[in-house]
Amino acid sequence: MLSVLALSLITFYTAKFILEERILAGLTALAAAKEDRITSLMEQDFERVALIASRTKLRENLEGVQSGAPDSDRLLQDMSRILDDAKGSVEDIEKISVMDLRGKIVASTDRDEIGRDLSNSDLFTKAKENFYLGDLFQPGRGAALHNYISAPMLSPKKAGLIGVVAVEIDQARLIHVLSDFTGLGRTGELVLGKREGDKAVLLNPLRNAPDAPLRPSIPTDSQTGKPIIMATAGNEGIITAFDYRGVEVLAAYRHIPIGKWGLVAKIDAEEAFGPISRLRNRVVATALVLLILGNLLALLIARHFSAPIRRLHKGSERIGDGELDYRIEIRTRDEVEQLAIEFNNMAAKLKEAYSNLEQKVAERTKELSEANIKLAEASKAKSDFLATMSHELRTPLNSIIGFSEVLADRMAGELNPKQEKYVNNILVSGKHLLNLINDILDISKVEAGKMELHPQAFSLPDALEASLALIRLQASKKGLSLSLEVDKTLFTITADPVRFKQIMYNLLSNAVKFTLEGGSVRVTARMVHGSQFTVDGMEGFREPSTVNREQHRDFVEISVADTGIGIKKEDQERIFQEFQQIDSSLARKYEGTGLGLSITKRLVELHGGRIWLESELGKGSRFTFTLPIRPPLEAIEEGLGPEPEEALEPGRPLILVVEDDPKAAELLRFHLSKGGYGVRTVSTGREALDKAKALRPFAITLDILLPDMDGWQVLFELKKDPETRDIPVLIVSIVEGVRLGMSLGALDYFVKPFDRERLLKRLEELRKAWKPSDPFLKILIVDDEAEVVEALAELFRSKGHETIKAYGGEEAFSLASTEDPDLILVDLHMPGVSGFELIERLRDAPKTSHIPVIAFSGKMVSPEERQLLTEQAVQLIEKGGDSFERLLSDIRRMEMARRTPEEKKINNA
């Protein structure tokens, strides 16, 4: 029975092989005939175009026009009439145009085409030396397929090139050839295609896909459409493969040189092998019926012999389920009985072994618990050590960098060239070491759970432009091109702007560092939905559990792509680990600690996003990360239009009130007018920015909930613009956000309903603090490290400011009470009276409560301490890095705020 089945299958496959050869031979003959017919049609079209291009009168007129003949207009009209006659006398021609040597159409059967510039078109550039055959196209919806053929026009006298003729031809005859499926059955089809880059483009309407758009394409590395891919590559042959639909077909493919086309004649395998497959199915079904009957007979015979085996199987299951006292009873005096005895012996040994297992498990569990405790203690000790070490290193580095900058800026006198070189080397090395220490400190903060984010709304396009500006100099030195592409729907996102800048700088600096000269770095940003995230075909991205799905359903996806050295597949798994670098012989020459990408990954994940890498060795890398976008505040109904502006009394400081609620705006106007101030009111954020520049008010009160943009964005824009960043801003809003407002540069924060007396008192303190007669400041510097005090004092004296030195909290409080400084700089961590205690005493004392305070710290400041400083209106600047630049920038704004309008104009000029 099995022999019959095997013989039947062998006969089937032999017959199938013979049938397949015959079908493929027929398809080959058909494809060759179609190729000859298509080639003949194209040669006929070439001959018709050649006849038009060789018309003597047409060439003489064109040569006369180009030589500047006085009757050029008449010659052009004659050329158009000649073209009209040619079109009417030649079948299937839709349009004829003549181009001069500049590629400009000077005569055409379509008068609207005259004057059109085709100098960059293949119709002109490729036809100046030989015939050019264009691809098929559809001139209009539902129209027939056309193509262009262009040819050179030679001078009738000198035989030199004088122009090009281009002819648009209706290819109904070609489509008729491709639509004739005689000999191809129900599913057979002819496909004409052409290679374009890394794709094969199908040129003719498809029988098996009549609704497909014209010119669908197939990637050359696709597993479907192999016949047309092979044909368009210049090959010819036969194949059994999957076509563009993913259906198995038998196909013959050929290359048509005249058009660099590929032609495929194919038929579905299901139709080709249909009859023989049905015969096979009947033979197999008959054999299976006989086989089932034989098996039933064998089962009845074997059942008698299988009972001992079933008892053995049942006993082994019970022993496997833990019944170690169970014993299998079989008396067959053969191998089955011997196997049952071995099972019984195994159960006895397992029972003995399990009796001691629980004790061993308990002992091992205890050992693992102790080991975990020790690992946790070691991890905490490591984080504490890193934080302490970073502080101890940052403190002397602060002095090194500070004094190096004093020397480099020649504040302590002139330097000779060798001294200048050495000082700059010290400064650069110190900053490099400080960056390394900051990276290590960031890692320890994240691991210890002390990394704190300060999210706020900011302009994403501006932030990306600023990030590119940071590395533009590095890129220009290597001749790299930088580009930025941002989705037009992206305006603002809510994130920590400092940490966002750190993420972008790490990725961009890596891209520039590992890209060879002449390469490129490209940054793109787009908005995506959380369910759309996929990486290399992996399952869609799942938002982290810390992200609220109701509030963060939209994400921004930012990519940094370079054409650099790339990363091996095996190195991509560890690239985001601490102190890891790619193990490439080309990459070893690049410096780095291996911390940048690890910190970047952790910062992205702290924001609720994700980062991943796509790279190929030698071709470049692309780092992509996502961040959630907080939905913008809901639009608030527009209030009444702005009320008429009233005249301002001379000598009254002007306050700009930004408030969309007419009643709240009127209340502020009333209190401020009674307090001796002039008032202007606006109801939108955009109007506030315009009025702030035009009026240059003494101060601004700002609501957060505005109809066109939220107040955080308005505050950010005010402090970013050099023309408005010196204007004090007091937030008056129902929205809680003291900490965020202070961090963005607000002078004070009032929650509605606001305290009228406190608001007027704060404005009065502001009027007393800024003295227009003297733009320079008296600055009290407080630090227990003498080197820091001396460096800061030298820095401020070089800028024209007066300095007072204090080396402890008690001395500082006494000097602040007697000297009345304009600004106090305080180190938070001092022995004896700490900076926190000093600030509290300064705020409680009437004589010093109004003095602005800027706090310095070289140690990690806890969230509670930051909150305390914010409530006391104290700005915090960490020592190291760009702290001196930030400090000078803040003092510069205070200095400018004290100048008169005339002084500011002189200074800006």
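Within each chain, residue numbers correspond to sequence positions counted from 1 in written order. Local features are withheld for residues below a pLDDT of 70 in this predicted model, meaning they are given only at 70 or higher, and side-chain atom pairs are given and counted only at 80 or more; totals for whole chains, interfaces and linings count all residues. Side-chain descriptors were evaluated using all non-hydrogen atoms of the structure, hydrogens and water having been removed beforehand.

### Notes on the overall build of the protein chain
For the protein chain, the count of helices and strands is 26 helices and 28 strands. Categorising residues by exposure relies on relative accessible area from a 1.4 Å probe, with only protein chains included: less than 20% of the type maximum marks a residue as buried, more than 50% marks it as exposed, and the intermediate range marks it as partly exposed. Within the protein chain, the fraction of its 909 residues that count as buried is 45%. Contacts spanning at least 24 positions in sequence make up 63% of the contacts within the protein chain whose residues lie at least 6 apart. Exposure was quantified through the Shrake-Rupley algorithm and a 1.4 Å probe, taking into account, for residues, occlusion by the shown protein chains and nothing else. Counting every atom, the protein chain has about 47900 Å² of accessible surface; 54% of that belongs to carbon and sulfur. Labels follow the DSSP assignment, with helices taken as runs of H or I lasting at least four residues and strands as runs of E lasting at least two, numbered in each case from the N terminus. Any pair of residues with heavy atoms lying within 4.5 Å of one another is described as a contacting pair.

### Quick notes on the nonpolar core
As used here, the term nonpolar core means buried Ala, Val, Leu, Ile, Met, Phe, Trp, Tyr and Cys residues forming a set that is joined through side-chain atoms within 4.5 Å. If you look at the biggest cluster of nonpolar residues, it comprises 57 residues, and the most contacted ones within it are Leu27, Val98, Val165, Leu192 and Trp261. In terms of residues, this core owes the most to one element, helix H1 (residues 2-53), which gives twelve residues. If near-sequence neighbours (up to four positions away) are discounted, leucine 27 is found in contact with Leu184, Leu250, Ala251, Ala252, Ala265, Lys266 and Ile267. In this structure, Leu480, Leu507, Leu597 and Leu603 belong to the second largest nonpolar core, which totals 38 residues.

### Focus: the side chain of asparagine 61
The topology assignment puts asparagine 61 in helix H2 (residues 56-66). A relative accessible area of 3% means that asparagine 61 is categorised as buried. Excluding its chain neighbours within four sequence positions, the residues that come into contact with asparagine 61 are Leu75, Asp78, Met79 and Ile82.

### Observations concerning the sheet that holds strand S15 (residues 520-529)
Judged by pairing direction, the sheet is mixed, and its five strands sit side by side in the order S13-S15-S16-S18-S17 without closing on themselves. The strands lining the two open edges of the sheet, one partner per strand, are strand S13 (481-486) and strand S17 (610-616). The mean angle between the axes of side-by-side strands here comes to 15°, regardless of whether they run parallel or antiparallel. Whether two strands pair depends on DSSP finding at least two bridges between them. Sheet topology note: the S17/strand S18 (residues 620-628) ladder contains seven bridges and is antiparallel. Within the sheet, the bridge partner assigned to serine 615 lies in S18 and is serine 621. To get an axis, a line is fitted to the C-alpha atoms, and for a helix only the part in contact is used. The angle between two axes follows their N-to-C directions and goes from 0 to 180 degrees. Of the strands in this sheet, S13, S15 and strand S16 (554-562) touch helix H12 (residues 460-477), which is tilted by about 175° from S13.

### Here we look at helix H21 (residues 786-798)
With 13 residues, H21 should cover 18 Å at 1.5 Å per step; its first-to-last C-alpha distance of 18 Å lies within 8% of that length. When H21 is considered as a whole, its buried residues turn out to be Val788, Val789, Ala791, Leu792, Ala793, Leu795 and Phe796. Positive backbone phi, at 95°, marks glycine 800, one or two positions downstream of H21. Multiplying 1.5 Å by the residue count of a helix minus one yields the expected span of that helix.

### Description of the pattern of salt bridges
Within this document, salt bridges are pairs made up of a side-chain nitrogen of Lys or Arg and a carboxyl oxygen of Asp or Glu, the two lying within 4 Å of each other. With the rule as written, the count across this model stands at 30 salt bridges. Residue glutamate 605 pairs with lysine 601 through a salt bridge whose shortest N-O separation is 2.7 Å. With glutamate 605 and lysine 601 both in helix H15 (residues 596-606) and four residues apart, the pair spans about one turn of that helix. Taking the relative accessible area as the measure of exposure, lysine 601 reaches 26% and is therefore partly exposed. For the salt bridge of lysine 805 with glutamate 790, the shortest nitrogen-to-oxygen distance reads 3.1 Å. Of this pair, lysine 805 sits in strand S25 (residues 802-806) while glutamate 790 is found in helix H21, placing the two residues 15 residues apart along the sequence. In this structure lysine 805 comes out as partly exposed when scored by relative accessible area, which is 29%. A network of salt bridges, in which partner residues are shared, links Glu189, Asp243, Arg245, Lys266 and Asp268.

### Here's the deal with the pairing of strand S24 (residues 778-782)
Here is the key point about a regular strand: its side chains alternate between the two faces of the sheet. Among the five residues in S24, five count as buried, and that is most of the element. The alternating pattern of S24 places Lys778, Leu780 and Val782 on one face and Ile779 and Ile781 on the opposite face, and all of these are buried. Alignment of S24 against S25, held across five bridges, turns out to be parallel. Looking at S25, one finds that leucine 780 is bridged to isoleucine 804.

### Some words on the packing of aromatic side chains
Between 30 and 60 degrees the pair is tilted, below 30 it is stacked and above 60 it is edge-to-face, where a pair is any two Phe, Tyr or Trp rings, Trp via its six-membered ring, whose centres lie within 6.5 Å. Tallied over the full model, the rule gives four aromatic pairs. Here the aromatic rings of phenylalanine 46 and phenylalanine 131 are separated by 5.2 Å at their centres, their planes lie at 40°, and the arrangement is tilted. Taken together, the positions of phenylalanine 46 in helix H1 and phenylalanine 131 in the loop between helix H4 (122-125) and strand S3 (132-133) put the pair 85 residues apart, joining distant regions of the chain. For phenylalanine 46, a relative accessible area of 15% puts it in the buried group. Between the aromatic rings of phenylalanine 137 and tyrosine 148, the centroid separation amounts to 5.7 Å while the plane-to-plane angle is 15°, which identifies the pairing as stacked. Placement of the pair is phenylalanine 137 in the loop between S3 and strand S4 (146-154) and tyrosine 148 in strand S4, with a sequence separation of eleven residues. What makes phenylalanine 137 partly exposed here is its relative accessible area of 25%. Here the guanidinium or amino end of arginine 841 rests over the ring plane of phenylalanine 813, the centre of that ring lying 4.4 Å away. Over a ring means this: the NZ of a Lys or the CZ of an Arg is within 6 Å of the ring centre and within 35 degrees of the ring normal.

### Describing the packing of helix H22 (residues 809-819) against helix H23 (residues 835-844)
Close contact between H22 and H23 brings their axes to 10 Å; oriented N to C, the two are set at 20°. In terms of their interaxial angle, H22 and H23 are classed as roughly parallel. Crossing geometry of H22 relative to H23 is assigned as right-handed. For the pair H22 and H23, contact is made by Gly809, Glu810, Ala812, Phe813 and Ala816 and by Leu838, Arg841 and Leu842, respectively. A class-by-class count of the residues in the contact of H22 with H23 yields five nonpolar, one polar and two charged. Note on angle classes: values under 35 degrees are labelled roughly parallel, values over 145 roughly antiparallel, values of 65 to 115 roughly perpendicular, and the remainder oblique. For any pair of crossing helices, the crossing counts as left-handed if the nearer helix is rotated counterclockwise from the farther one by less than a right angle, and right-handed if it is rotated clockwise. Residues are grouped as follows: Ala, Val, Leu, Ile, Met, Phe, Trp, Tyr, Cys and Pro are nonpolar; Asp, Glu, Lys and Arg are charged; every other residue, Gly included, is polar.

### A few points about the environment of glutamine 572
For glutamine 572, the location among the structural elements is in helix H14 (residues 569-572). With 42 residues separating them along the chain, glutamine 572 and glutamate 614 place their C-alpha atoms 8.4 Å apart. Excluding its chain neighbours within four sequence positions, the residues that come into contact with glutamine 572 are Ile567, Leu613 and Ser615.

### Concerning the sheet that holds strand S21 (residues 699-702)
With respect to topology, five strands assemble into an open sheet ordered S20-S19-S21-S22-S23, the strand pairing being parallel. Each edge of the open sheet carries a strand with a single partner, namely strand S20 (678-682) and strand S23 (748-751). Between one strand axis and the next, the sheet turns through 20° on average, direction left out of account. Bridge analysis of strand S19 (residues 654-658) against S20 gives five bridges, and the strand direction is parallel. Across the sheet, the residue bridging to leucine 654 is glycine 678, located in S20. Contacts between helix H16 (residues 662-674) and the sheet are confined to S19, S20 and S21, with S20 contributing the most and set at about 170° to the helix. Sheet strands touched by helix H17 (residues 685-695): S19, S20 and S21. Its angle to S19, the strand with the most contacts, is close to 170°.

### Examining empty space enclosed by the protein
Using only the protein atoms, space was sampled on a 1 Å grid; points where a 1.4 Å probe fits but cannot get out form cavities, open sets with protein on both sides within 12 Å along at least five of seven lines form pockets, and lining residues are those with an atom within 4 Å of a point. Grid points are joined across faces, edges and corners, and a volume is the space filled by probe spheres set on the points. Overall, the coordinates contain four cavities of 30 Å³ or more when judged by the stated rule. There is about 50 Å³ of room inside the largest cavity. Every residue along the wall of the largest cavity is listed here: Val191, Gly225, Pro227, Ile228, Asp243, Tyr244, Val264 and Lys266. Contributing elements (two or more residues each) for the lining of the largest cavity: helix H6 (226-232) and strand S11 (261-268). A breakdown of the residues in the lining of the largest cavity according to their chemical character gives five nonpolar, one polar and two charged.

### Remarks on the confidence of the model for the protein chain
Every residue carries a pLDDT, the predictor's confidence in it, which falls somewhere between 0 and 100. In the predicted model, the protein chain carries a mean pLDDT of 78, and 79% of its residues have values of at least 70. Looking at the elements of the protein chain, mean pLDDT is at its lowest for helix H26 (residues 901-908), recorded as 42, and at its highest for strand S2 (residues 105-108), recorded as 93. Low pLDDT, under 50, characterises residues 900-909; the stretch is placed with eleven contacts to residues that sit more than four places away or in other chains.

### Some points on H22
Spacing of three or four residues puts side chains on the same side of an α-helix, whose turn is 3.6 residues. All buried positions along H22 are accounted for by Gly809, Ala812, Phe813, Leu815 and Ala816. Angularly, the buried residues of H22 cover 165° about the axis, an arc narrow enough to put them on a single face. Taken together, the buried residues of H22 touch S24, S25, strand S26 (823-827) and H23. Looking one or two residues beyond H22, the residue adopting positive phi is aspartate 820, at roughly 50°. To obtain the arc, one takes the directions from the helix axis to the C-beta atoms.

### Some remarks on the side chain of serine 559
Following the sequence through the fold, serine 559 ends up in strand S16. Throughout this description, a polar contact denotes any pair of N or O atoms lying within 3.5 Å of each other; where both atoms belong to protein, one of them has to be capable of donating a hydrogen while the other can accept it, and for residues adjacent in sequence the pair is counted only when both atoms sit in side chains. At a separation of 2.9 Å, a polar atom in the side chain of serine 559 contacts the side chain of threonine 624. Beyond its immediate sequence surroundings of up to four residues, serine 559 is in contact with Arg522, Val523, Thr524, Arg622, Phe623 and Thr624.

### Concerning the environment of glutamate 189
With respect to the helices and strands, the residue glutamate 189 is situated in strand S6 (residues 189-196). Under the relative-accessibility criterion, glutamate 189 is labelled buried at 0%. The spacing of glutamate 189 and leucine 178 is eleven residues in sequence and 8.3 Å in space, taken between C-alpha atoms. Apart from residues no more than four positions distant in its own chain, glutamate 189 is found in contact with Phe181, Leu184, Leu206, Arg207, Asn208, Tyr244, Val264, Ala265 and Lys266.

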